[in-house]
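Residue-level structural notes
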Amino acid sequence: MKKMVFTLALLLMSLSAAVAQTRTFKITHAVARNSKVNQMYVTTKSGDVKYYNTADLTSVKFEGDKAIIAPKSGSENDEYDASVQEISFAKKVEQGASGDFNNPAGVIQITEAKGWQESAYLKWAPLEGASSYNVYVDDKKIDAQLIRQYKSYYRADVLGLKAGTYSVKVVPVNAEGAEIAGANTASNLVVKSYNREGFAHFKYDGVGAYNNDGTLKAGAKVLYITARSAKTVSTTVNTGKLETITGLQSIIDAYSKGKDKTPIAFRFIGKISLSDLDHISSSAEGLQIKGAKMNMTFEGVGDDATVYGFGFLLRNATSVEFRNLAIMRCLDDAMSLDTNNSHVWIHNMDLFYGKKGGAADQAKGDGTVDIKANSQYITVAYNRFWDNGKASMCGMKTESGPNYITYHHNWFDHSDSRMARIRTMSVHMYNNYYLHNDVYGVGATMGSSVFMESNYFDATKRPIMSSKQGTDAKGDGTFSGENGGLIKAYGNVFANKPDNFSYVPYAENNTSFDAYEVSDPSEQVPTSVKTLVGGTSYDNFDTNPSLMYAYAADKAADVPAIVEGFYGAGRLNHGDIDFVIPDETVVTNGHQQPWPALASLLDSYTSGVVKVFGESNAAGEGGSTGGGETGGSGDGGGTVTPIEGTVLVTFTDSKPSSSIVTVSGNYSTSKGTATIDGTSYSTCVKMESATNISVTVDKKVTMTLYFSSADTKTNAKIDGKKPAEVNAVIDSTAKTMTVTLDAGSHTITKQDTCNLFGIKLVPVKE
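Basis of the calculations
Residues numbered from 1 in each chain as written. Predicted model: local features only at pLDDT ≥ 70, side-chain atom pairs only at ≥ 80, totals over all residues. Heavy atoms only, no water. Helix = DSSP H or I, 4+ residues; strand = E, 2+ residues; numbered from the N terminus. Rg over C-alpha atoms; globule rule 2.2 N^0.38 Å. Buried < 20%, exposed > 50% of the residue type's maximum accessible area, 1.4 Å probe, protein only. Contact = heavy atoms within 4.5 Å. Areas by Shrake-Rupley, 256 points an atom, 1.4 Å probe, with all protein chains shown as cover. Lys, Arg positive; Asp, Glu negative; His and termini not counted. Charge placed at Lys NZ, Arg CZ, Asp CG, Glu CD. Core = buried A, V, L, I, M, F, W, Y, C linked by side-chain atoms within 4.5 Å. Pairing = 2+ DSSP bridges. Arc of directions from axis to C-beta. Phe/Tyr/Trp six-rings, centres within 6.5 Å; stacked < 30°, edge-to-face > 60°. Lys NZ or Arg CZ within 6 Å of the ring centre and 35° of its normal. pLDDT = per-residue confidence, 0-100. Disulfide = S-S within 2.5 Å. Polar contact = N/O pair within 3.5 Å; in protein donor to acceptor, adjacent residues only side chain to side chain. Salt bridge = Lys/Arg side-chain N within 4 Å of Asp/Glu carboxyl O.

Turning next to the overall build of the protein chain. In terms of regular secondary structure, the protein chain is built from four helices and 63 strands. Here the C-alpha atoms of the protein chain give a radius of gyration of 29 Å, agreeing with the 27 Å that 2.2 N^0.38 yields for 766 residues. Taking the principal axes of the C-alpha coordinates as reference, the protein chain spans close to 105 × 65 × 50 Å. Per-residue burial over the protein chain gives 58% buried out of 766 residues. By sequence separation, contacts in the protein chain at least 24 residues apart represent 68% of the contacts at least 6 residues apart. When the accessible surface of the protein chain is split by element, carbon and sulfur atoms take 47% of a total near 28,700 Å². Each charge class in the protein chain was averaged separately, 73 positive and 82 negative side chains, and the resulting centres sit 4 Å apart.

Before going further, it helps to spend a moment on the nonpolar core. Ranked by internal contacts, the top residues of the largest apolar core, which has 68 residues, are Phe266, Ile289 and Phe298. Among the nonpolar cores identified, the runner-up in size contains 36 residues, and Ala113, Leu161, Tyr224 and Val612 belong to it.

Turning next to helix α2 (residues 248-255). The buried fraction of α2 amounts to seven of the eight residues, a majority that puts the element mostly inside the structure. Those residues of α2 lying buried are Leu248, Gln249, Ser250, Ile251, Ile252, Ala254 and Tyr255.

Turning to the pairing of strand β9 (residues 110-115), a few remarks are in order. With five bridges connecting them, β9 and strand β10 (residues 119-124) associate as antiparallel partners. Considered in β10, the bridge of Ile110 is made with Trp124. Between β9 and the antiparallel strand that follows it, β10, lie three residues; Glu118 among them carries a positive phi value of about 60°.

Counting along an α-helix, one turn takes 3.6 residues, and residues three or four places apart therefore face a common direction. Residues Leu598, Ala599 and Leu602 constitute the buried set of helix α4 (residues 596-603). Burial along α4 is one-sided: seen end-on, the buried residues are contained in an arc of 100°. Away from its buried face, by an angle of more than 90 degrees, α4 presents the exposed residues Pro596 and Asp603. Of the surrounding elements, those touching the buried residues of α4 are β24 (306-308), β27 (326-328) and β33 (384-386).

Pairing is antiparallel in the open sheet, where four strands are placed in the order β2-β7-β6-β5. A strand with exactly one partner marks an edge of an open sheet, and here the two such strands are β2 (25-26) and β5 (57-63). One ladder, built from four bridges, connects strand β6 (residues 66-71) with strand β7 (residues 78-81); its direction is antiparallel. Residue Lys66 lies in a different strand from β7, and its bridge partner there is Asp81.

Another aspect to go through is unusual backbone geometry. Each neighbour pair has its own omega, and for Met419 with Ala420 the value is 5°, a cis peptide bond. Tracing the chain through its elements places Ala420 in strand β37 (residues 417-423). For His409, which is not a glycine, the phi torsion comes out positive at approximately 55°. Within the secondary structure, His409 is located in the loop between β35 (404-408) and β36 (411-413). Judged by its relative accessible area of 1%, His409 falls in the buried class. Phi at Asn496 is positive, roughly 50°, even though this residue is not glycine. Tracing the backbone through its elements, the reader meets Asn496 in the loop between β45 (493-495) and β46 (516-517). Residue Asn496 is classed as partly exposed on the basis of its relative accessible area of 47%.

Going through the model one piece at a time under the given rule, you end up with 39 aromatic pairs. Judged by centre distance (6.3 Å) and plane angle (45°), the ring pair of Phe268 and Phe298 falls under tilted. Of this pair, Phe268 sits in strand β20 (residues 264-268) while Phe298 is found in strand β23 (residues 293-300), placing the two residues 30 residues apart along the sequence. Neither residue differs from the other here; Phe268 and Phe298 are each classed as buried. Each ring, one from Phe566 and one from Tyr567, has its centre 4.9 Å from the other, and the planes form 80°; the classification is edge-to-face. Note on Phe566: relative accessible area 5%, which makes it buried. Among the aromatic residues, those joined into a cluster by ring pairs are Phe199, Phe202, Tyr377, Tyr404, Tyr430, Tyr538, Phe541, Tyr549 and Tyr551. Seen from the ring of Phe566, Lys114 lies directly overhead, with NZ or CZ sitting 5.0 Å from the centre. When the ring centre of Tyr210 is taken as reference, the NZ or CZ atom of Arg323 above it lies at 4.1 Å.

Turning our eyes to something else, we now look at the confidence of the model for the protein chain. Should pLDDT be low for a region, the predicted coordinates there are not to be read in detail. With 92% of its residues at a pLDDT of 70 or more, the protein chain shows a mean pLDDT of 90. Confidence over residues 1-23 falls short of pLDDT 50; this stretch has 38 contacts with residues more than four positions distant or in other chains. Confidence drops under a pLDDT of 50 for residues 624-640, and excluding neighbours within four residues, the segment shows 73 contacts in the predicted structure.

Summed over all chains, the structure comprises zero disulfides. Between Cys330, a cysteine without a disulfide, and Cys394, which holds the nearest cysteine sulfur, the sulfur-to-sulfur distance is 18 Å. Unpaired in this structure, Cys754 has its nearest cysteine sulfur neighbour in Cys684, at a distance of 9.5 Å.

It is worth spelling out the sheet that holds strand β14 (residues 154-159) at this point. What the five strands build is an open sheet, ordered β9-β10-β14-β13-β49; its pairing is antiparallel. Each of the sheet's edge strands pairs with one partner strand only, and the pair in question is β9 and β49 (611-612). Here strand β13 (residues 147-149) runs beside β49; their pairing, made up of two bridges, is antiparallel. Opposite Gln149, over in β49, you have Lys611 as the bridge partner.

Okay, the side chain of Asn341 next. Locating Asn341 in the fold gives a position in the loop between β28 (335-339) and β29 (342-347). Using a relative accessible area of 1% as the deciding quantity, one classes Asn341 as buried. Looking at Asn341, its side chain comes within polar contact range of the side chain of Ser375, at 3.1 Å. The residues contacting Asn341, other than those within four sequence positions of it, are Leu314, Arg315, Asn316, Ala317, Asn374, Ser375, Gln376 and Ile378.

Attention now goes to the pattern of salt bridges. Applying the stated criterion across every chain, the model contains 30 salt bridges. As a salt-bridge pair, Arg329 and Asp603 come within 2.9 Å of each other at their nearest N and O atoms. Linking Arg329 in the loop between β27 and β28 with Asp603 in helix α4, this pair joins segments that are 274 residues apart in sequence. Between Lys488 and Asp542 there is a salt bridge whose closest N-O contact spans 2.6 Å. Placement of the pair is Lys488 in strand β44 (residues 486-490) and Asp542 in the loop between β46 and α3 (559-564), with a sequence separation of 54 residues. Classification of Lys488 as buried rests on a relative accessible area of 0%. One continuous salt-bridge network, built from bridges that share partners, spans Glu118, Arg196, Arg267, Glu299, Glu321 and Arg323.

Attention shifts here to the pairing of strand β40 (residues 442-445). Along β40, one buried face is formed by Val442 and Ala444 and the opposite face, lined by Gly443 and Thr445, is buried too. Bridge count between β37 and β40: three bridges; the pairing is parallel. Counterpart to Ile422 in the pairing with β40 is Ala444. For β40 and strand β43 (residues 464-466), the ladder comprises three bridges, and the chain directions are parallel. If you follow Ala444 over to β43, its bridge partner there is Ser466.

As structure tokens, then:
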């Protein structure tokens, strides 16, 4: 987000204690915070924030220690006597810069085009005479599955883009599969990088299937998951031997054996319900990711990808990413990081009500994002928690520690509690937006250390608490009977304090306090400062450069506009649910209840996707400028393309020249050459024990394999069968092997050691 923030720091003279006690406000023109207009905000020395629409003001001036704000209306001025800490100005949130396009007559009419974070998209109206469309980003054709039809428009999303400026062209295709006139281009699409600050990336390069620059890792596979394909999607996985595995959970289970390290991105399109899955390996949670370094990303395509009726369970998993998905009506937790997980990145998610539980406090579901049992190096960032009852439990009682967790730029939108509820862990929480939270914000127990930095609390009753002391010790206590945890605090803002607001800093009560306030983030908490119950001190993890990552915290007063902006919390364009949660609270028998209108929206939710192009095939190249590079194992491509006439697939640039073929194996340029139709080729796939080549055809074809002129053996197994078993014809002079394939997916694997330079496919006329 290109946000212009102008800060006028006011150095005001200190008054005597007597004067300070008598300072007065005269405030009648302050308004509610509104990120949709330009505003000035006044931060007082007590931490209160008052907002003014800049369009309504004439001037701001200072007379001694007094700040005077003059409205355009001509009515009486607002005055602050010796109480102003700072005055700042923030421009309204950016809605994302549109790309450039023209719509002359006779071409596709583009209606919207924007770049986002490591992706870009465009929408267009149907063009007469077009049966489908091809889309190119900087002249590279994207996977067909990234193109979808909606009721009144078409849309394409391009994923896996590094930061930069791009052009996207959409070309109409007729019923015969030929491109026709009418193409149009959107240019100057500005793509930004995701914010990778946080413990998930600490001393770790590339969480999930993507590099840190936003492109797919070398050899990464891409599988597209729709309601129709979740049961039938298939790929080859090394489970100790090469196997073709079918079904989303089955593929994840095969990776859990730990033999296959090939990066893999599961791209979800539209609404995927529990009943659409092949099975779930966690009956309590849903999809289970378990037991290995996964190099796995689960991501949504567009602004409406939704997981419905289930969530995700992680156990003993490393290098897993979740992004740009909604989770609705999950079984138990939306995300459960159950045991010994590491380097997990959960970001830009929309997290809604779960399934109603049996306990009185589970009307909105149970947990939302729970992190426990020695899970460490986790980042939870830019997520929107929609009125959740329990947002995030972080830690149990069994952790051996230390375990490091980051929450930043999350929007806790009217959620009730556990934002987060922390045991034992060392946690950095910065730039989170707490909006109208009825029970409490963050709660620390069991010797945890929590750094609360530059968070924005709006109408939050009990923003920061440690168990059995400070606010929690008032009355019967609020959230825990456990020993306390110690909280360090800096730069947090408490706006629109409700009548029962409570926050007790160490400076007010050095025995029973909520948090130890520091004057600078680099300041350490003295070891003499301990929790009232348990007697634990703060571990100062955040000031230890060997333990802490680099980051740049935004000012707390800027956080609402950032989080609500185009590059803020939740899915692209803030998703497809348009609902403003009311500030009132529905309470039954002492427990918060779901908002009926929001619950009804979720219960009746359907996908707007009418058609996914290329849906009959679930594999793809990635639809971006990254991925498919030389080295390691993985798919270099695989989108099903209708075969019209003869197709020759070669391996120049160490990847297949057509998405009809995907490769898991190693390339070489030192194994001789092969001449095919008069052209010499020098890049081959080495036919080794681990090599697996997939060929997917939409009709019956004759397939000819071209081997090196230097090879003494020129053969391969087809679908696990020897050449003689599939009636293959081997020409030892031409160095070829020819076989007939029926429509469908087929595999080519090693029979004898040789080197494959090309695959020719010719449709069989019957």
